[in-house]
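Summary of the model geometry
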Amino acid sequence: MKHLISMRDLSADKTLQLLKLAKSLEKNPSQIDLSRRVMAAVFYEASTRTRMSFESAMKRLGGEVIAMVGTSGTSVEKGETLADTARVMARYSDIIVMRHPMEGAARYVSEQVDVPVVNAGDGANQHPTQSLLDLYTILKSQGTLEGLKLALVGDLKYGRTVHSLAYALAPFKPEFHFVSPKSLAMPSHILSDLRKMDIPFKETTKLDKIVNTTDIMYVTRIQRERFPDREEYEKVKNAYIITADLLKNAKDNMKVMHPLPRVNEITTDVDTTKYAYYFDQAENGVYMRQAILATLLGEAK
Amino acid sequence: MMKVLKVDAIRNGTVIDHIPAGRVQRVLAILKPRSTDIVMMGMNFPSKAMKKKDIIKIEGRELTKNEVNSIALIAPDAKVSIIRDFKVTHKSTVQIPERIEGLVVCPNPKCITNAEPMMTIFNLQDSSSRELACQYCERVFTADEMTHI
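Predicted model, so just to flag it, every value in this text is computed and none were measured.

With that settled, the discussion passes to the interface of chain B and chain A. The interface is formed by 14 residues belonging to chain B together with 14 residues belonging to chain A. Of the residues assigned to the side of chain B that touches chain A, the class counts are 8 nonpolar, 3 polar and 3 charged.

Below you can see the structure in the form of structure tokens.
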């Protein structure tokens, strides 16, 4: 594995290797030493969470981080091409972690440079490290990835995270409930792919019916910026609020996940229940990104 | 009624028949004739199968397989004949290539290929439904959604 650009490039074997390494790094981070290695965080748009998660991962393994955050005041603003920016960053660093608003940007950069490239989000296309940390979180909380019942809740139309997760879990025989307002339903091309893979799923607008049978409830924020029409947003914004009361008859092993930041879709009284798992999920991101950095830098044993 | 040849027969070269009516100029734009090629272009000929069709004859140039296949996106049913000394020596249909480089624009406005000075690359997904995936933004489009560069 030279780069990590898209979940489509990742075999089930490679995915399992990364999950195993993340688990082992969580227990014993000192097994890998990335000292004198430099990670360039090249972020064409701000993403504090993802960037800091990567920085934490690199630094906890002894590595160094340099960063470009936003294009204001940089050579990009002077009209430099993406390829040139990337080539220069590659001379400054041993690995490039890149976020870019245009889809396919990370793939293009990976073709231009000799150092490994990690896609930290390319527009609405891919965010493979999020998918992998989600898999790791599910594995850690359930002890298996096989045959789980998952409810994906909220904005399923624009939510890149839930799209990737559906594909990432597909090899492990999941059963999905897609819970969303009709206007934010899972895109039909994804449903048709799932049918082709014989993955059972149901679509519903009602959350309360399925709470008690689900193993993982993956909640996403309904984002105002997705709606050209303010009125439409107001109609659906509070459609799915997760409260402690809603979860009172949930299965013991059930965990609530959320890519964060949350706004009001999970009330704070859920935080103290055994079901809350979104902050663990954020922490798991660091272990998974450590596994990715170590693997791409050739340090994974 | 006597059959009349509407365009001259060619001695040596290539004939592309069964181009959908109205698309002959787009086909020529892809084939980019050289200044030495003698090109005859026919539009709106009557056709049993297509009702109307366009035709191109190129005197003095035998198109390669790659050149022929490059028109598959806009003339999927084209028939290509190679002519030597007024006789058809080879007849073929066109096929969408497995990989199409630098020929079409990605219809996704958010695709990096529309923002950077770079070549587009599409990979054939399914030849029966004529679906192509952009190597960069990973979106899948049908051939009819594509525009040529």
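Attention now moves to the domain arrangement of chain B. Residues and elements named next belong to chain B. Taken as a whole, chain B is organised into domain 1 (13-93) and domain 2 (99-148). Using only C-alpha atoms to locate each centre, domain 1 and domain 2 end up separated by 24 Å. Facing the 6 residues of domain 1 at the interface are 6 residues of domain 2. In the side of domain 1 that touches domain 2, the residues fall into 4 nonpolar, 1 polar and 1 charged.

Right, let's get into helix H2 (residues 48-60) of chain A. Residues and elements named next belong to chain A. For H2, built from 13 residues, the straight-helix expectation of 18 Å at 1.5 Å per residue is met to within 8% by its first-to-last C-alpha distance of 18 Å. Buried within H2 are the following residues: Thr50, Ser53, Phe54, Ala57 and Met58. Each buried residue of H2 sits inside an arc of 130° when the element is viewed along its axis, so together they form one side. Of the surrounding secondary structure, the elements contacted by the buried residues of H2 are strand S1 (38-43), strand S2 (64-69), strand S3 (95-100), strand S4 (117-122) and helix H9 (278-296). Positive backbone phi, at 90°, marks Gly62, one or two positions downstream of H2.

Once that is clear, we can look at unusual backbone geometry. Note the cis peptide between Leu260(A) and Pro261(A), where omega equals 0°. The residue Pro261(A) is located in the loop between strand S9 (255-257) and H9 in this model. In this structure, Leu260(A) is a non-glycine residue whose phi angle is positive, near 60°. By secondary structure assignment, the location of Leu260(A) is in the loop between S9 and H9. In the Ramachandran plot, Arg130(B) falls in the positive-phi region, its phi being about 55° despite a non-glycine side chain. When you line up the elements, Arg130(B) lands in the loop between strand S8 (121-126) and strand S9 (131-134).

With that settled, consider helix H1 (residues 12-27) of chain A. Given 3.6 residues to a turn, an α-helix orients residues that are three or four positions apart in the same direction. Residues and elements named next belong to chain A. In a regular helix each residue adds 1.5 Å, so 16 residues correspond to 22 Å; H1 covers 23 Å between its end C-alpha atoms and thus fits that length. Every buried residue belonging to H1 is among Thr15, Leu18, Leu19, Leu21, Ala22 and Leu25, and all of these are buried. The buried residues of H1 occupy an angular sector of 165° when the element is viewed end-on, so they sit on one face. H1 presents Ala12, Asp13 and Lys27 as exposed residues on the side facing more than 90 degrees away from its buried surface. The secondary structure elements touched by the buried residues of H1 are helix H5 (128-142) and H9.

All names here are of chain A. The element S3 is largely enclosed, with a buried count of 6 among its 6 residues. Along S3, one buried face is formed by Ile95, Val97 and Arg99 and the opposite face, lined by Ile96, Met98 and His100, is buried too. Where S1 meets S3, 5 bridges bridge the pair, whose relative direction is parallel. Looking at the pairing, Ala41 lines up with Val97 of S3.

On to the packing of helix H3 (residues 82-92) of chain A against helix H4 (residues 105-112) of chain A, then. Residues and elements named next belong to chain A. Where H3 contacts H4, the axes come no closer than 9 Å and their chain directions differ by 55°. Between H3 and H4, the interaxial angle falls into the category oblique. Crossing of H3 over H4 shows right-handed handedness. On H4, the residues that touch Leu82, Ala83, Ala86 and Arg87 of H3 are Ala105, Tyr108, Val109 and Gln112. Here the residues of the contact of H3 with H4 are counted per class, giving 6 nonpolar, 1 polar and 1 charged.

Right, let's talk about the sheet that holds S8(B) for a bit. Through backbone hydrogen bonds, the strands of a sheet pair up, either in parallel or in antiparallel fashion. Residues and elements named next belong to chain B. Pairing is antiparallel in the open sheet, where 4 strands are placed in the order S6-S8-S9-S10. Here the strands that pair on one side only, and so sit at the sheet edges, are strand S6 (99-101) and strand S10 (140-142). When strand polarity is set aside, the average angle formed by the axes of neighbouring strands in this sheet is 35°. Note: S9 against S10, 3 bridges, orientation antiparallel.

Reading the values: the criteria
- Residues numbered from 1 in each chain as written.
- Chains lettered and ligands numbered in written order.
- Predicted model: local features only at pLDDT ≥ 70, side-chain atom pairs only at ≥ 80, totals over all residues.
- Contact = placed C-beta atoms within 7 Å.
- Nonpolar A, V, L, I, M, F, W, Y, C, P; charged D, E, K, R; others polar.
- Domains from an automatic or database assignment.
- Helix = DSSP H or I, 4+ residues; strand = E, 2+ residues; numbered from the N terminus.
- Expected span 1.5 Å × (residues − 1).
- Buried ≥ 20, exposed ≤ 12 C-beta atoms within 10 Å, placed from the backbone.
- Arc of directions from axis to C-beta.
- Pairing = 2+ DSSP bridges.
- Axes fitted to C-alpha atoms, helices over the stretch in contact; angles between N-to-C directions.
- Parallel < 35°, antiparallel > 145°, perpendicular 65-115°, else oblique.
- Left-handed = near helix turned anticlockwise from the far one by under 90°.

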